[in-house]
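Now for the letters of each chain:
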Amino acid sequence: QEEKIFAGKVLRLHVCTMEGAEWLEEVPEDTTVEKLKERCLKHCVPGSLEDPKTVTHHKLIHATSEKVLTDTKTVLEENIQDRDVLLLIKKRAPPPLPKMADVSAEEKRKQEQKAPDKDAILKATANLPSRNVDRTVAHHNMRDFQTELRKILVSLIEVAQKLLALNPDAVELFKKANAMLDEDEEDRVDEIALRQLTEMGFPESRAVKALRLNHMSVTQAMEWLIEHADDPAVDAPLPGQAPPETTAEAGAASAEATAGPSSEVGEEEAKDELTEIFKKIRRKREFRPDPRAVIALMEMGFDEKEVVDALRVNNNQQNAACEWLLGDRKPSPEDLDKGIDTNSPLFQAILENPVVQLGLTNPKTLLAFEDMLENPLNSTQWMNDPETGPVMLQISRIFQTLNRT
């Protein structure tokens, strides 16, 4: 009587097999799946339980959820309800292990497909006739365009300055050019992001530094500010950037230099003024090292000046700058200011090109040359510019044509 009173709920389950057999099994809800499976096997495969592996070689699947039932769990734990449908199937046999002969054949096939090593190549080509190839000349003809482009730009800037100085409106043109540089987007700070940080209580100058270091990301800048809150050098200006006072003085000097000459100013004074404008433009376009790369390299023990030189030589690429610092440091920063031989066929071909000749009379071309000279990563911007892009394209084509000959 007690067993009947305290027995679990009896469930009627509909069981099917892959062979098409169907029947009803009545089991208490506390029955394990393994016991249920044994009852099913007794019903559909008489005498099969003599082999103990028979139970483990079969599985029960809940038809609605397509879930394989776990042997150690009860019907209740598997959330099986009255009148649910279960499927009894035999597990698939595992694939047979490959024979040793098959393994050896597969390894042999892989070895046959493997590329030959250096010794094998030398052995196979030992009897080939040698050719007289001057490897020094071949290597010289594969000059890096970026390295040569810098020399070309140095010389073209000199030519462009001389041509533009002959223009009677040169001073006015470069006033506008100088104004364009004053609107440089790179020096601007996202006002909304800055306001968010200052409202949190961070000092404005420190927030500006954090935003510039973290590419105007408020979240990353905030993390940087919290991490460096106790750093004594947290308010130091970024490497390669002047403090605000110096910038203000430079702006005032630039304004004075760009003030237009009166009608009484002679030609010599106008030329001097133009020279000053050129200097101011170059100062604004001077190389700006990546602050993160500077900090990372200085943490390795290198001096700030040599780190900036390394980044300038290697176009702000941190890994290349590190190799330069650890190597022979060639080319040197002084080599970057050397122009191309003005009597070379390459330079003569560039100057004779009509598109280049027309571009050299445009102040924007000079600005592009100055910018690419100190910030090579900006080359793409000028290549896509409708005014300077054709000039750069012609220089590239002439270089590639002469480099093949």
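Nothing here was measured: the structure is a model prediction, and the numbers come from that model.

**Topic: the overall build of the protein**
Stage number 1. Tallying secondary structure elements over the protein gives 21 helices and 5 strands in all.
Stage number 2. A total of 405 residues make up the protein; the buried ones form 34% of that total.
Stage number 3. Of the contacts made within the protein by residues no fewer than 6 positions apart, 59% connect residues no fewer than 24 positions apart.
Stage number 4. Carbon and sulfur atoms form 52% of the exposed surface of the protein, whose accessible area is close to 26,500 Å².

**Quick notes on the environment of Ala-160**
Stage number 1. Residue placement: Ala-160 occurs in helix H7 (residues 145–165).
Stage number 2. For Ala-160, a relative accessible area of 1% corresponds to the buried category.
Stage number 3. Taking the C-alpha atoms as reference, Ala-160 lies 6.6 Å from Thr-361; in sequence the two are 201 residues apart.
Stage number 4. Setting aside anything within four residues of it in sequence, one finds Ala-160 in contact with Leu-360 and Leu-366.

**Some details on the sheet that holds strand S5 (residues 85–90)**
Stage number 1. A sheet is described by the order of its strands in space; here 5 strands give the open sequence S2-S1-S5-S3-S4, paired in mixed fashion. Where the open sheet ends on each side, the last strands, each with one partner, are strand S2 (22–28) and strand S4 (67–68).
Stage number 2. Contacting strand S1 (10–17), S2, strand S3 (58–62) and S5, helix H2 (residues 33–44) runs over the sheet at an angle of about 145° to S2.

**Some thoughts on the side chain of Gln-394**
Stage number 1. Looking at the element boundaries, Gln-394 is found in helix H21 (residues 389–404).
Stage number 2. A relative accessible area of 18% means that Gln-394 is categorised as buried.
Stage number 3. The contacts of Gln-394, once residues within four sequence positions are left out, are Asn-353, Val-355 and Val-356.

**Quick look at the environment of Lys-330**
Stage number 1. When you line up the elements, Lys-330 lands in the loop between helix H16 (318–326) and helix H17 (345–352).
Stage number 2. On the accessibility criterion, Lys-330 (60% relative accessible area) is exposed.
Stage number 3. When the C-alpha positions of Lys-330 and Ala-310 are compared, they lie 9.8 Å apart, and in sequence the two are 20 residues distant.

**A look at the nonpolar core**
Stage number 1. Counting residues in hydrophobic clusters, the biggest one holds 25 residues, and the most contacted among them are Ile-152, Leu-156, Leu-346, Ile-350, Phe-369, Met-372 and Ile-395.
Stage number 2. Put simply, the parts of the chain that give this core at least two residues each are H7, H17, helix H19 (363–374) and H21.
Stage number 3. The dominant element in this core, judged by the number of residues it contributes, is H7, at 8 residues.
Stage number 4. Beyond its immediate sequence surroundings of up to four residues, Ile-350 is in contact with Ile-152, Leu-156, Val-356, Ile-395 and Ile-398.
Stage number 5. Formed by 16 residues, the second largest nonpolar core is a distinct cluster that contains Trp-23, Val-27, Val-33 and Leu-88.

**Comments concerning helix H11 (residues 218–227)**
Stage number 1. Of all the positions in H11, only Val-218, Ala-221, Trp-224 and Leu-225 are classed as buried. Looking straight down H11, one finds that the buried residues subtend no more than 125° of arc, so they occupy a single side. For H11, the exposed residues lying more than 90 degrees away from the buried face are Ile-226 and Glu-227.
Stage number 2. Where H11 is buried, its residues touch helix H9 (191–199) and helix H10 (204–213).

**Re the confidence of the model for the protein**
The predicted coordinates ought not to be read in detail in places where the model reports low pLDDT.
Stage number 1. Considering every residue of the protein, the mean pLDDT works out to 75; 72% of them sit at 70 or more.
Stage number 2. Here residues 242–265 is modelled with pLDDT under 50, and outside its nearest four sequence neighbours on either side it reaches 20 contacts, counting other chains as well.

**With respect to unusual backbone geometry**
Stage number 1. Positive phi, close to 60°, is recorded for Glu-66, a residue that is not glycine.
Stage number 2. With respect to the helices and strands, the residue Glu-66 is situated in the loop between S3 and S4.
Stage number 3. Although it is not a glycine, Arg-329 sits at a positive phi angle of roughly 55°.
Stage number 4. Inspection of the secondary structure assignment puts Arg-329 in the loop between H16 and H17.

**Considerations on the pairing of S5**
Stage number 1. One ladder, built from 4 bridges, connects S1 with S5; its direction is parallel. The residue of S5 that forms the bridge with Cys-16 is Leu-87.
Stage number 2. Where S3 meets S5, 5 bridges bridge the pair, whose relative direction is antiparallel. Within the sheet, the bridge partner assigned to His-58 lies in S5 and is Lys-90.

Criteria and cut-off values
- Residues numbered from 1 in each chain as written.
- Predicted model: local features only at pLDDT ≥ 70, side-chain atom pairs only at ≥ 80, totals over all residues.
- Heavy atoms only, no water.
- Helix = DSSP H or I, 4+ residues; strand = E, 2+ residues; numbered from the N terminus.
- Buried < 20%, exposed > 50% of the residue type's maximum accessible area, 1.4 Å probe, protein only.
- Contact = heavy atoms within 4.5 Å.
- Areas by Shrake-Rupley, 256 points an atom, 1.4 Å probe, with all protein chains shown as cover.
- Pairing = 2+ DSSP bridges.
- Axes fitted to C-alpha atoms, helices over the stretch in contact; angles between N-to-C directions.
- Core = buried A, V, L, I, M, F, W, Y, C linked by side-chain atoms within 4.5 Å.
- Arc of directions from axis to C-beta.
- pLDDT = per-residue confidence, 0-100.

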